[in-house]
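Descriptive analysis of the structure
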2 protein chains.
Amino acid sequence: MEKSQPEHLKNAGLKSTLPRLKILDLFTSGQDRHKSAEDVYKQLLASGDDVGLATVYRVLTQFEHAGLLVRHYFEGGKSVFELNEGKHHDHIVCLQCGHVEEFYDTTIESRQKKVAAELGFAVHDHSLHIYADCIKTKCPHKPKGV
Amino acid sequence: MEKSQPEHLKNAGLKSTLPRLKILDLFTSGQDRHKSAEDVYKQLLASGDDVGLATVYRVLTQFEHAGLLVRHYFEGGKSVFELNEGKHHDHIVCLQCGHVEEFYDTTIESRQKKVAAELGFAVHDHSLHIYADCIKTKCPHKPKGV
DNA sequence: ATTGCAAATGAGAACGATTATCGTTTGCGT
DNA sequence: ACGCAAACGATAATCGTTCTCATTTGCAAT
Ligand SMILES: [Mn+2]
Ligand SMILES: [Mn+2]
Ligand SMILES: [Zn+2]
Ligand SMILES: [Zn+2]
């Protein structure tokens, strides 16, 4: 059976507080996988939940360290978080509308390991960001709003 | 024959000023390819050249737009610049000492294009950063000092 | 060489994202 | 219900970067 949110927090060694539960809910039941701290803060306010911005930042970092979330450093200066579901993947970001698409390519992954090994490095992790324009109709070509 | 620095600036549509010449020199004759604005600023001060930090930021951005430099967004929040010598490459960053190694892999490059095309994107550019530990002796395993 | 003026510079203010501080509140084991 | 460490929230502080604006400079035409 599925674990409840409080259990997830317990597992992570975090006590189950209101702000933590609300923030975790945003990621597990929200529709946009990738959220910045500001996104999270605004979404909490919008749903009437009164959580401080400092708490949002604190909790996001705690969730990252606990392995519940993954942090990405896209261009643009702000960190973006998403639920950690165990499956590593890379990202393609639309320069027109900000839409983020995920992909995984075994050839790229294995080449990376090989290249690093040849250069004498033990890989911890990596980030591959492709910046591009959508050429399909799914791109509204408008900046990401609320 | 080689072009002089003032000519490079002229070509780029930038008038040849003292701060610009000094900064360009740092990149063409300096030993560390990858420098942050702060790095550049400190190196200028160290060599007795009195250039304002605002000017450093302005000039770096101008050089980027002029195609003289390339900007990278590594983790850690600060932009890093390097001389644009026309050859795209990706980077491995040592988590121990900060050392940056460059590489280029045709397989990775072509897979990226293919993946993006399949997803319906026209690629502008991409960044691939591998974070790793040196396992060879070239790694002093100390944080990058001055 | 001198002059004129737009372009560039530099000191410092302002900014946006994030982190630190600290008095108050809360989860939770007893 | 109690007690207390942990967590919270308002706000100050920090960090990298950009903006503002008065002063200086490159450079082309005298
Ligand atoms: Mn993702
Ligand atoms: Mn490089
Ligand atoms: Zn798009
Ligand atoms: Zn190293």
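This one's a predicted model, so the numbers in the text were calculated from it and none came from an experiment.

**A short note on the overall build of chain A**
A tally of helices and strands in chain A yields five helices and six strands. Scanning chain A from its N terminus toward the C terminus, one meets helices and strands in the order α-α-β-α-α-β-β-β-β-α-β. Along the three orthogonal principal directions, the C-alpha set of chain A runs to about 50 × 40 × 30 Å. Per-residue burial over chain A gives 41% buried out of 146 residues.

**Points about the domain arrangement of chain A**
Residue and element names in this part refer to chain A. When cut into domains, chain A gives domain 1 (5-83) and domain 2 (90-132). Here the C-alpha centre of domain 2 lies 24 Å away from the C-alpha centre of domain 1. In this complex, domain 1 contributes seven residues to the contact, which on the side of domain 2 involves five residues. Counting the surface lost from both domain 1 and domain 2, the interface buries some 540 Å², and carbon and sulfur atoms represent 62% of this. Summed over the three residues of domain 1 that lose the most area to domain 2, namely His 34, Phe 74 and Glu 75, the buried surface amounts to 74% of that side. Linking domain 1 with domain 2 are one salt bridge, by the criterion used here. Counting across the interface, domain 1 meets domain 2 through five residue pairs in polar contact (both at pLDDT 80 or more). Broken down by class, the residue content of the side of domain 1 that touches domain 2 amounts to two nonpolar, two polar and three charged.

**So, the environment of Val115(B)**
By secondary structure assignment, the location of Val115(B) is in helix α5 (residues 106-119). Judged by its relative accessible area of 7%, Val115(B) is buried. Along the backbone, Val115(B) and Tyr131(B) are 16 residues apart, and their C-alpha atoms lie at a distance of 23 Å. Each residue touching Val115(B), except ones within four places of it in the same chain, is listed here: Phe103(A) and Asp105(A).

**A closer look at the packing of aromatic side chains**
Considering all chains together, one arrives at zero aromatic pairs over all chains under this definition. The ring of Phe27(A) carries the charged tip of Lys35(A) above its face, separated from the ring centre by 5.7 Å.

What counts, and at which threshold
- Residues numbered from 1 in each chain as written.
- Chains lettered and ligands numbered in written order.
- Predicted model: local features only at pLDDT ≥ 70, side-chain atom pairs only at ≥ 80, totals over all residues.
- Heavy atoms only, no water.
- Helix = DSSP H or I, 4+ residues; strand = E, 2+ residues; numbered from the N terminus.
- Buried < 20%, exposed > 50% of the residue type's maximum accessible area, 1.4 Å probe, protein only.
- Domains from an automatic or database assignment.
- Contact = heavy atoms within 4.5 Å.
- Buried area = accessible area lost by both parts, 1.4 Å probe.
- Salt bridge = Lys/Arg side-chain N within 4 Å of Asp/Glu carboxyl O.
- Polar contact = N/O pair within 3.5 Å; in protein donor to acceptor, adjacent residues only side chain to side chain.
- Nonpolar A, V, L, I, M, F, W, Y, C, P; charged D, E, K, R; others polar.
- Phe/Tyr/Trp six-rings, centres within 6.5 Å; stacked < 30°, edge-to-face > 60°.
- Lys NZ or Arg CZ within 6 Å of the ring centre and 35° of its normal.

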